[in-house]
Structures are given as structure tokens and as C-alpha cells.
Amino acid sequence: QKYDQSLEKSRNTFSAKLNSLLANFRSVDEEFFDNLEETLIEADVGFETAVKISDELKQEVKLKNAKTTQEVAETIIQKLIDLYEQEGQNEDYQLHYAQTGPTVFLFVGVNGVGKTTTIGKLAFRLKKEGKRVLLAAGDTFRAGAIEQLTQWGKKVGVPVVQKPAQSDPASVVYDAVKKAQQENYDVLLVDTAGRLQNKVNLMRELAKISRVITREVPTAPQEVLLALDATTGQNALSQAKQFKTTTPLTGIILTKLDGTARGGIVLAIRNELHIPVKLVGLGEKMNDLQDFDPEKFAAGLFG
Ligand code: GDP
């Protein structure tokens, strides 16, 4: 339901265009595929991905001998689902937890993409599932970041490990990991700074935080999740490319999908980065976080 409502904007543009494309459709010719490609690019699927989808569809439509509008539409939807599922195992868009000892998730991403909010929402969800959750205020750089995470901690009812602004984030994380181990927390969610303008420092900082975590808990962090703002479209993709070159990412959180006509970015991420989208943000409230479900997504996109 929420998925459906939230994807309304994407649907209104992408689906409306696709429908009008199909409404005027006479035969599956070059022009049809050119138009389809354009529609996909406008939905921010990305150029390479749009061409790839269009090429593969051409083959499939031929193979299935699809002639009616309905048949072609079904082939397209199935293609989007396949595209999402073919490259990884089905389970790779799930979050992974430690068998024993604390699970650690590291959250990275540029300022303003919704990192802190996502941590709050996930803390809320995990707590509801009965897990003991601890937060680490590892963004000691941005003014207000510590306070913001503390607010979420209060709202959700989970403790937040913090130090004064400008402290070494790795030392905050060290304290948090120690506390998680000693006091038997199930999951530690670590916030980090997102100042991409000083890329080298940021990447060094993230590497140091990772090292501190792994030294204390060799199997952690179980997830390094990059938050991306879906409303920024292709810009999000380029941020992801930058992070990917220096930080080993295990998944992507696509935020603000409730406010965008650019849901196609999901496919671009999948095809150009090969990193699974694991969570989607569908609003600013505690409940507005969902697991990514490719079938629901493709269906929602096409309506
Ligand atoms: P950070 O700098 O990456 O930690 O970003 P914040 O968590 O502070 O989020 C920046 C803004 O985006 C805040 O106003 C959030 O309420 C808003 N936000 C975060 N996630 C979502 C979402 O899924 N949907 C909407 N509509 N807003 C969001």
C-alpha cells in the first residue's frame, strides 16, 4: 500500500509515458524501442541501462513473438524484475546479522541524504523485533549531527554513544563496540560523517572506523550501507561510484522514494554498480522504512 502510494510520482510519469507509448503502438519496430529507451532514460534508469533493457527486450519480444500491447507490457515488467534478480542471488538484498556477538552496521553517505533518519527508523524496527540496539554518533563533524542522533535515540528508546563535536570518530566507534560487547547488545548502528568535499580525509576516516570495528569484532561490520537520495537521480549514482572506489559497500539505502519521479534509479544502481538496494525510505516517520522488494517495485513503477 505504502509502496504504491509512494511510487505514485514515478508511476505518473514513467507509467503514463509507457502507457501512451503502448497506446500508440502498432508494431514492435525500431521507433518503438527508441521511444522506450527515451522513456527509460527520463525515469533515470541511466543511459547504459536503458540501452541494455531495450536491446534485451527486442530479443525477447521477438523470441516470444509478442504482438499485442498486453504481451509487450508484460514482457517489459518481467524484464525489469529479471534484471534485478538475475545478477545476484535472491537473498542478497537482505541485511545480514552476526550468528553470535554484536552485529555492526556502518552507515555512509553524503550529508543530507537521510543517513541519520534511516538509522533512527532501523533502530525503531529492530527494537520492535526484540533486539537490543545501540547507536554510535560517529558523525562528529557536521554541526547538529550528534544532537540529531541523540533525538532519535530518545524517540526510539535506545542509547547513543557519543563524544563532544570534533572528537575522533574512530574513538567514538571504539567505545561503542566495547559497550556493545560488554553489555550484550545485538545490533550496533554507526553513523558517520558525509563531507564528500574532502574526499581523501573522509575515506581515510571511514577506513579507520572499519579497522577499529574489525579489530574488536573480526566478522564485523556485517553491512556497510550507503545512503542515497533518490530525488537526486543520476547525481546519486555518481556519489555511489565515488564511494564504491574507496569503501567496500554491501548495500544501498535509497531514501526519499516518496518524493520522486525517478524510481528508475534503482535499476541504474543495480546495473551499473552491482550493489543491491537493501532498504528504501518512504518518508520521514519512524515507520517509513521498508525492505526492498524488486517485484513490488517493478509492479509499483508500472502500476
Ligand atoms: P543525513 O545528513 O544524511 O544524516 O540526513 P538526515 O537524516 O538528516 O535527513 C535529511 C532530511 O531528509 C531530513 O529532513 C529528513 O527528515 C529527510 N528524509 C530522510 N529520509 C527521508 C525519506 O525517506 N523521505 C522523505 N520525504 N524525507 C526523508
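Residues numbered from 1 in each chain as written. Predicted model: local features only at pLDDT ≥ 70, side-chain atom pairs only at ≥ 80, totals over all residues. Heavy atoms only, no water.

Stated formally: UniProt positions are given in the numbering used here, feature names are shortened, and annotations may be inferred rather than shown by experiment.
Per an unreviewed UniProt entry, the protein goes by Signal recognition particle receptor FtsY and derives from Liquorilactobacillus vini DSM 20605. In the Catalytic activity (unreviewed entry) part of its UniProt record, the protein is described as follows: "GTP + H2O = GDP + phosphate + H(+)". Under the UniProt heading Sequence similarities (unreviewed entry), the note attached to the protein is "Belongs to the GTP-binding SRP family. FtsY subfamily."

## Brief notes about helix α4 (residues 47–64)
Residues spaced three or four apart along an α-helix point in a common direction, a consequence of the helix completing one turn every 3.6 residues. Basically, it comes down to this: For helices the rule is a DSSP run of H or I covering at least 4 residues; for strands it is a run of E covering at least 2, with both sets numbered from the N terminus onward. Expected helix span is computed as 1.5 Å times (number of residues minus one). Categorising residues by exposure relies on relative accessible area from a 1.4 Å probe, with only protein chains included: less than 20% of the type maximum marks a residue as buried, more than 50% marks it as exposed, and the intermediate range marks it as partly exposed.
When the terminal C-alpha atoms of α4 are compared, their 26 Å separation across 18 residues agrees well with the 26 Å that a helix rising 1.5 Å per residue should span. All of the buried residues along α4 are T49, A50, I53, S54, L57, K58, E60 and V61. Of the residues one or two after α4, N65 is the one with positive phi, at around 55°.

## A word on the site of the ligand
Filter applied, for reference: Nearness is defined per residue: one heavy atom within 4 Å of the molecule or strand is enough. Polar contacts, as counted here, are pairs of nitrogen or oxygen atoms within 3.5 Å of one another; within protein the pair requires one atom able to donate a hydrogen and one able to accept it, and residues that are adjacent in sequence qualify only if both atoms are side-chain atoms. All accessible-area figures derive from a Shrake-Rupley calculation using a 1.4 Å probe, and residue coverage is judged against the displayed protein chains alone. Residue polarity follows a fixed list, in which Ala, Val, Leu, Ile, Met, Phe, Trp, Tyr, Cys and Pro are nonpolar, Asp, Glu, Lys and Arg are charged, and the others, Gly among them, are polar.
Around the ligand sit 17 residues, and of these G112, T116, T117, D258 and E284 come closest. Between the ligand and K121 there is a distance of 3.4 Å, counted from an oxygen atom to a side-chain nitrogen or oxygen. The backbone of K256 places a nitrogen or oxygen atom 3.0 Å from an oxygen atom of the ligand. Relative to its unbound accessible surface of 580 Å², the ligand loses 81% to contact with the protein. For the shell around the ligand, a count of residues per class yields three nonpolar, eight polar and six charged.

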